[in-house]
Amino acid sequence: LAMTLQHEKPDLETRKTALLKKEDELKLQLNELEDLLLKELAESSGNILENDKLLASLNETKAQASVIEQSLNESQQLQLALNQERDVYLPLGHFASQQYFLVQDLAKLNTMYRFSLSTFTDVFKKALNARLEDDGSTETRVKLLCSELAKLVFNFVSRSLYKGDRATFAIHMVRGMYPEEIPDNEWDVFTGITGQDTRSRESLDRVKLSVPSWVPSEAAARYAALVNEVPSLSQVISNTPDDQWREWVRKPHLEVELPTTAQRSLKPFQQVLLVQCVRPDRLPPMLASYTARRLGLGQLTLASVNIRTLFQDETTPLQPVLFIVSAGADPSQEL
């Protein structure tokens, strides 16, 4: 949040710092007046009501304390107003923090997938410096910055991943960013944590009797597990005639040609689950399309890395670049 405010509203932090300093000075003055008042009372002699000098000093101290109290109240009100301006950028701060920890989770997949905070900070600064077209409102600016940060994080991190792990990282990011779109029960079906009991040979014949005729026989157990965990799917699927489903399941690229009724009624991730269930061979392109769309990317495939651009834009004298090349790859010509 501090980095965002320093870039977006540098005057805001300056004003807040000056305000806090002034507030501390006023509190210090108030304490000094209180100490002075106590000292004068302790050193006074005789009847206090007849000590004109002491009474005058008390009145002056009271007036000064009143002015200071009023200044403190005004300062607190101004600080609240500044905090409200700062809070507008809180969603971006929370989003960036979420992105960082999503990236850190990659170490569980492969011990080489480790990214430092300073590296992530550099990516965050790039997002802040990106030229974005907005309508001038801070809320819109924050949303655009969140979207830009997600794209930069995926592209930057994916360059360091094995190709087979990019889709895993993509769906991990999507679930972290939009947890409401992927409930736990649907995620468990997707990862194969639940529904294992329906796959046993003893229950297979019984399962086949409960699934629609258009579902391939080898997918009957998976389909039963799916509708058992996500009951709403069965109702949506039944609203479309079996002939349409039978024709759909035979299409070579069925992931882009879902029946119209199902497209309107099924949530995006439920469509992924359905393709995974009946045609697991088409899951990779379906998952790539879904995650690219949610991440705001045209596709998950990365552009080839240009070493000259990498050297000019992303390296520093203190930050080396490590190349891990596969058999047959030779970057020496570009170097």
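Sequence order sets the numbering: in each chain, residues are counted from 1 along the sequence as written. For a predicted model such as this one, the threshold for reporting local features is a pLDDT of at least 70, and the threshold for listing and counting side-chain atom pairs is 80 or more; totals across whole chains, interfaces and linings nevertheless cover every residue. Hydrogens are left out, water is left out, and the side-chain values use all remaining heavy atoms of the structure.

Describe in detail the packing of helix α7 (residues 163-177) against helix α15 (residues 283-295), supporting the description with residues and values.
Every axis corresponds to a line fitted to the C-alpha atoms, with the helix fit spanning only the stretch in contact, and the corresponding angles, defined between N-to-C directions, vary from 0 to 180 degrees. Note on conventions: DSSP H or I runs of at least 4 residues are helices, E runs of at least 2 residues are strands, and numbering of each starts at the N terminus. At a minimum axis separation of 9 Å, α7 and α15 run at an interaxial angle of 45°. By the angle class used here, α7 and α15 are oblique. α7 and α15 meet at a crossing whose hand is left-handed. For the pair α7 and α15, contact is made by Ala 170, Ile 171, Met 173, Val 174 and Met 177 and by Leu 287, Tyr 290, Thr 291, Arg 294 and Leu 295, respectively. In the scheme used here, Gly and all other residues not listed as nonpolar or charged are polar, with Ala, Val, Leu, Ile, Met, Phe, Trp, Tyr, Cys and Pro taken as nonpolar and Asp, Glu, Lys and Arg as charged. Split by residue class, the contact of α7 with α15 holds 8 nonpolar, 1 polar and 1 charged. Here roughly perpendicular refers to angles of 65 to 115 degrees, roughly parallel to angles under 35, roughly antiparallel to angles over 145, and oblique to all remaining angles. By definition, any crossing whose near helix is turned counterclockwise from its far helix by less than a right angle is left-handed, and any crossing with a clockwise turn is right-handed. What makes two residues a contact is simply this: any of their non-hydrogen atoms within 4.5 Å.

Can you break down a negative patch on the surface residue by residue, with the values?
Patch building starts from residues that exceed 30% relative accessible area and form no salt bridge, then joins like charges within 9 Å and nonpolar side chains (Val, Leu, Ile, Met, Phe, Trp, Tyr) within 5 Å. For every accessible area listed, the method is Shrake-Rupley and the probe measures 1.4 Å; residues are considered covered only by the protein chains on display. A pairing counts as a salt bridge when a side-chain nitrogen of Lys or Arg comes within 4 Å of a carboxyl oxygen of Asp or Glu. Just so you know, the count uses Lys and Arg for positive and Asp and Glu for negative, and it drops His and the chain ends. Positions of charges follow a simple convention, taking NZ of Lys, CZ of Arg, CG of Asp or CD of Glu. A grouping of Glu 32, Glu 34, Asp 35 and Glu 69 is seen on the molecular surface, where their side chains present a negatively charged patch. The topology assignment puts Glu 69 in helix α3 (residues 52-87).

Which residues make up the confidence of the model for the chain, and what values go with them?
Reading predicted coordinates in detail is not appropriate for stretches of low pLDDT. The predictor rates its confidence in each residue with pLDDT, a number between 0 and 100. Mean pLDDT over the chain stands at 82; residues scoring 70 or higher make up 89%. Per-element confidence in the chain ranges from a low mean pLDDT of 53 for helix α9 (residues 201-210) to a high of 94 for helix α14 (residues 268-278).

Before we move on, could you go through the side chain of Arg 282 and cite the residues and values that matter?
Within the secondary structure, Arg 282 is located in the loop between α14 and α15. Definition of a polar contact: a pair of N or O atoms within 3.5 Å, with one able to donate and the other able to accept a hydrogen when the atoms are protein atoms, and with sequence-neighbouring residues admitted only if both atoms are side-chain atoms. Within the structure, the side chain of Arg 282 is placed 3.0 Å from the side chain of His 253, a separation counted as a polar contact.

Requested: an account of the nonpolar core, with residues and values cited.
For our purposes a nonpolar core is just a set of buried Ala, Val, Leu, Ile, Met, Phe, Trp, Tyr and Cys residues, chained together by side-chain atoms within 4.5 Å. Burial classes: relative accessible area under 20% of the type maximum marks a residue as buried, over 50% as exposed, and values in between as partly exposed (1.4 Å probe, protein chains only). Grouped together as the largest cluster of nonpolar side chains are 69 residues, with contacts concentrated most on Val 153, Phe 154, Phe 169, Phe 190, Trp 248 and Phe 269. At 8 residues, the largest contribution of residues to this core is made by helix α6 (residues 138-158). Those residues in contact with Phe 154 that lie beyond four places of it in its chain are Arg 166, Phe 169, Ala 170, Met 173, Leu 295, Leu 297, Leu 300 and Leu 302. One finds Leu 26, Leu 33, Ile 68 and Leu 72 within the second-largest nonpolar core, a separate group that totals 5 residues.

Which residues make up the packing of aromatic side chains, and what values do they have?
To pair, rings of Phe, Tyr and Trp, with the six-membered ring standing in for Trp, must have centres within 6.5 Å; the planes then decide the type, stacked if under 30 degrees apart, edge-to-face if over 60, and tilted in the middle. Per the stated rule, a full pass over the model turns up 11 aromatic pairs. Ring geometry for Tyr 100 and Phe 120: centres 5.5 Å apart, planes at 65°, overall edge-to-face. With Tyr 100 in helix α4 (residues 90-104) and Phe 120 in helix α5 (residues 117-129), the pair connects residues that are 20 residues apart, well separated along the chain. Of the two residues, Tyr 100 and Phe 120, both sit in the buried class. With a centroid separation of 5.3 Å and an interplanar angle of 80°, the aromatic rings of Trp 245 and Trp 248 are classed as edge-to-face. Here the residue Trp 245 and the residue Trp 248 both occupy positions in helix α12 (residues 242-249), the gap between them amounting to 3 residues, near one helical turn.

Break down empty space enclosed by the protein for me, with residues and values.
Only protein atoms enter the 1 Å grid, on which a cavity is a set of points fitting a 1.4 Å probe that cannot get out and a pocket is an open set with protein on both sides within 12 Å along at least 5 of 7 lines, lining residues being those with an atom within 4 Å of a point. Grid points are joined across faces, edges and corners, and a volume is the space filled by probe spheres set on the points. Following the criterion strictly, the structure yields 1 cavity of 30 Å³ or more and no others. Of the voids in this model, the largest cavity is the one considered here, and its volume is about 50 Å³. Every residue lining the largest cavity is listed: Val 103, Phe 115, Thr 119, Phe 120, Val 123, Val 153, Phe 156 and Val 157. For the lining of the largest cavity, the secondary structure elements donating two or more residues are α5 and α6. A class-by-class count of the residues in the lining of the largest cavity yields 7 nonpolar, 1 polar and no charged.

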